[in-house]
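Each chain, written out:
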Amino acid sequence: MFDKVLIANRGEIALRIHRACREMGIRTVAVHSTADANAMHVRLADESVCIGPPPARASYLNIPAILSAAAITGADAIHPGLGFLAENADFAQIVGEHDLVFIGPSPEHIRLMGDKIAAKRTAKELGIPVVPGGEAVDDLDHARQEADRVGYPMLIKAAAGGGGRGMRVARDKSELEAVFPIARAEAQTFFGNGALYLERFLAKPRHIEVQILGDGQGSVVHLGERDCSLQRKHQKLLEETPSPGLNASERQCICNLAAATMRKFGYKSAGTLEFLHQDGQFFFIEMNTRLQVEHPISEMVTGIDIVREQIRIAAGATLGYRQEDITFSGHAIECRINAEHPDTFAPSPGTVQRYHAPGGMGIRVDSALYQSYSVPPHYDSLVAKLIAHGSGRNECLMRIRRALEEFVISGIETTIPLHQQIMRSDAFLNGDYDIGWFERTFDQTP
Ligand code: ADP
């Protein structure tokens, strides 16, 4: 097992990884920008190294600085967390070339799944149903031809897209002609890669994803599905497991398919296959070759520590259990609490005046906040994850509602009131929502 792990991330996810390391008797190295000198992940780690100024490209994305920090502190392995360098195949490769272990999948798997066009082709080859479309389109002429095959309405997507960005809807040919050049320019600007593809736009699907764990030595298991249909602008706000929109046979079918295909693929580490589900059919959209923000809900219902499993697998261990050994118990929901105005979604960085996290049965809070901490303006606005577990969906809802009431974060605006509003909605309480429901119901922003 490793002696020392460098955590190449910040915020609640850096803390989450630190906690898993600590429980395993592994020492931790935090890296941080100058804006994060007082951050909780820095305070709790055994050692810390400042790797640059606030902009992420100069610090959390600064590969030479991170490798130097690993060398100076004598770390054996690097956990990339999520976001930043977590799906950067070159980083995973460079880490390996420096005699360090990358806690994650192989660079080849990251590269293949990071290009959404290649990922869809691979998924098809593995026997996974995909959304119609998915081939690269070189120019507008090619896009027009491909559009006739895919059918309207459609999405123009960036091959290198992520985080819900780089997607545009075209409802007919004239819209395609208008939007295509804009999508191309945006893809180039945001992702440094102008490659685009078209995909059938599904009207009211649910977003269902399957968590898998593979040891790269022949064993792959799934940890059930997560329903992430509660979204705003293609970004997840709340997740739950099991999905209220699937029956037992649909659930078993998609989870087993995900595990079987990843076994064929020889996947190592934690990963998630994302699907849209509509009219009883599943369509693969992408795979995330990393830990996800919403991983705790799967941990709550299975009792498996996904980060610990990533670390064990990276150190060469086999899973040591089979699918039949995993039991699923109860229901879990996660609310993503962002430092944002709950009506306008404008970011709200600043100093936390008062902080009180809820507790009690079935409640887990993953957050790096503390009283008098200043949320810097430079990074993602997620500041806390409130996770509830109950024996069934109703008990879980009861607990999360109660915990939202207890949660005090003052001095900055947060999305806690928004989650309280969601918890009062009959459609949500009945589990009756799709990916567009939140925007149709609550979101008055342009
Ligand atoms: P990203 O990598 O940017 O997160 P995804 O391909 O995972 O992009 O899609 C993110 C979200 O966008 C999905 O959860 C869903 O809400 C929406 N979406 C993606 N593809 C489609 C589609 N073909 N039809 C309708 N909505 C889609």
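Rules and cut-offs
- Residues numbered from 1 in each chain as written.
- Predicted model: local features only at pLDDT ≥ 70, side-chain atom pairs only at ≥ 80, totals over all residues.
- Heavy atoms only, no water.
- Helix = DSSP H or I, 4+ residues; strand = E, 2+ residues; numbered from the N terminus.
- Rg over C-alpha atoms; globule rule 2.2 N^0.38 Å.
- Buried < 20%, exposed > 50% of the residue type's maximum accessible area, 1.4 Å probe, protein only.
- Contact = heavy atoms within 4.5 Å.
- Areas by Shrake-Rupley, 256 points an atom, 1.4 Å probe, with all protein chains shown as cover.
- Salt bridge = Lys/Arg side-chain N within 4 Å of Asp/Glu carboxyl O.
- 1 Å grid on protein atoms, 1.4 Å probe; cavity = no way out; pocket = protein on both sides within 12 Å on 5 of 7 lines; lining within 4 Å.
- Points joined across faces, edges and corners; volume = space filled by probe spheres on them.
- Near = heavy atom within 4 Å.
- Nonpolar A, V, L, I, M, F, W, Y, C, P; charged D, E, K, R; others polar.
- Domains from an automatic or database assignment.
- Polar contact = N/O pair within 3.5 Å; in protein donor to acceptor, adjacent residues only side chain to side chain.
- Pairing = 2+ DSSP bridges.
- Axes fitted to C-alpha atoms, helices over the stretch in contact; angles between N-to-C directions.
- Phe/Tyr/Trp six-rings, centres within 6.5 Å; stacked < 30°, edge-to-face > 60°.
- Lys NZ or Arg CZ within 6 Å of the ring centre and 35° of its normal.

**Observations concerning the overall build of the chain**
Thinking step 1. Secondary structure assignment for the chain yields 15 helices and 21 strands.
Thinking step 2. Taken against the 2.2 N^0.38 rule, which gives 22 Å for 446 residues, the C-alpha radius of gyration of the chain at 21 Å falls within 12% of a compact globule.
Thinking step 3. Taking the principal axes of the C-alpha coordinates as reference, the chain spans close to 60 × 50 × 45 Å.
Thinking step 4. When each of the 446 residues of the chain is scored for burial, the buried share is 57%.
Thinking step 5. The long-range fraction of contacts in the chain, counting pairs at least 24 apart against all pairs at least 6 apart in sequence, stands at 66%.
Thinking step 6. Total accessible area on the chain is roughly 17,600 Å²; 49% of this is exposed by carbon and sulfur atoms.

**Details of the pattern of salt bridges**
Thinking step 1. Taken as a whole and assessed by the stated rule, the structure comprises 34 salt bridges.
Thinking step 2. In this structure, D141 engages R144 in a salt bridge whose closest nitrogen and oxygen atoms are separated by 2.6 Å. Of this pair, D141 and R144 both sit in helix α7 (residues 140-150), separated by three residues, roughly a single helical turn.
Thinking step 3. Here E294 ties to R336 by a salt bridge, and the two come within 2.9 Å at their closest N and O atoms. Placement of E294 in the loop between β14 (281-288) and α10 (295-302) and of R336 in strand β15 (residues 331-338) is noted, with a sequence separation of 42 residues between them. The residues E294 and R336 share a single accessibility class, namely buried.

**A look at empty space enclosed by the protein**
Thinking step 1. Evaluation of the coordinates by the stated rule reveals three cavities of 30 Å³ or more.
Thinking step 2. Estimates place the volume of the largest cavity at around 40 Å³.
Thinking step 3. In this structure, the largest cavity is lined by I156, K157, A158, G166, M167, R168, A183, E186, A187, F191 and L196.
Thinking step 4. Breaking the lining of the largest cavity down by element, the ones donating at least two residues are β7 (154-162), β8 (165-170) and α8 (173-191).

**Concerning the site of the ligand**
Thinking step 1. The immediate surroundings of the ligand are formed by 21 residues, with G164, R200, H207, Q231 and E286 found nearest.
Thinking step 2. Here the ligand loses 96% of its free accessible area of 550 Å² to cover by the protein chains.
Thinking step 3. Residue assignment for the shell around the ligand shows that the elements contributing at least two residues are β7, β8, β9 (196-200), β13 (268-278) and β14.
Thinking step 4. The dominant element in the shell around the ligand, judged by the number of residues it contributes, is β7, at three residues.
Thinking step 5. Residues belonging to the shell around the ligand are distributed by class as follows: eight nonpolar, six polar and seven charged.

**Describing the domain arrangement of the chain**
Thinking step 1. The domain architecture assigned to the chain consists of domain 1 (4-103), domain 2 (132-200) and domain 3 (206-441).
Thinking step 2. The straight-line distance from the C-alpha centre of domain 2 to that of domain 3 is 29 Å.
Thinking step 3. Between domain 2 and domain 3, the residue contacts involve six residues of the former and five residues of the latter.
Thinking step 4. Linking domain 2 with domain 3 are zero salt bridges, by the criterion used here.

**Side note on the side chain of E299**
Thinking step 1. Looking at the element boundaries, E299 is found in helix α10.
Thinking step 2. Residue E299 is classed as buried on the basis of its relative accessible area of 6%.
Thinking step 3. Within the local environment of E299, its side chain forms a polar contact with the backbone nitrogen of I306, the two atoms lying 2.8 Å apart.
Thinking step 4. In contact with E299, not counting residues within four places along its chain, are R16, I304, D305, I306, V307 and R364.

**Considering the sheet that holds strand β18 (residues 363-367)**
Thinking step 1. Pairing is antiparallel in the open sheet, where eight strands are placed in the order β14-β13-β10-β11-β12-β15-β20-β18. The sheet terminates laterally at β14 and β18, the two strands that pair on one side only. Averaged over neighbouring strand pairs, the angle between their axes works out to 25° when direction is ignored.
Thinking step 2. Bridge count between strand β10 (residues 206-215) and β13: ten bridges; the pairing is antiparallel. Across the sheet, the residue bridging to E209 is E274, located in β13.
Thinking step 3. Sitting on the sheet, helix α1 (residues 11-23) touches β18 and β20 (382-390), and the angle it makes with β18 is about 115°.

**Re unusual backbone geometry**
Thinking step 1. Of note, the amide linkage connecting Y152 to P153 takes the cis form, showing an omega dihedral of -10°.
Thinking step 2. Here the amide bond leading from T241 into P242 is cis, since omega sits at -5°, within 30 degrees of zero.
Thinking step 3. With respect to the helices, strands and loops of the structure, P242 is situated in the loop between β12 (235-241) and α9 (248-265).
Thinking step 4. In this model, F84 sits at a positive phi of 40°, which is unusual for a non-glycine residue.
Thinking step 5. Looking at the element boundaries, F84 is found in the loop between β4 (77-79) and α4 (89-97).
Thinking step 6. With a relative accessible area of 29%, F84 lands in the partly exposed category.
Thinking step 7. For F345, which is not a glycine, the phi torsion comes out positive at approximately 65°.

**A word on the packing of aromatic side chains**
Thinking step 1. Within the structure shown, the criterion is met by 13 aromatic pairs.
Thinking step 2. Taken together, a centroid distance of 5.5 Å and an interplanar angle of 85° make the contact between Y60 and Y379 edge-to-face. With Y60 in the loop between β3 (47-52) and α3 (63-73) and Y379 in the loop between β19 (374-375) and β20, the pair connects residues that are 319 residues apart, well separated along the chain.
Thinking step 3. Exposure remark for Y60: the relative accessible area of 1% places this residue in the buried category.
Thinking step 4. An angle of 90° between the planes, with centres 5.5 Å apart, marks the rings of W437 and F442 as edge-to-face. F442 carries the same exposure label as W437, and that label is buried.
Thinking step 5. One aromatic cluster is present, built from ring pairs that chain together F345, F428, Y433, W437, F438 and F442.
Thinking step 6. Its guanidinium or amino end placed over the ring of F190, R165 lies 4.9 Å from that ring's centre, counting from NZ or CZ.
Thinking step 7. For the cation-ring pair, R232 lies above F345, with the distance from its terminal atom to the ring centre recorded as 3.7 Å.

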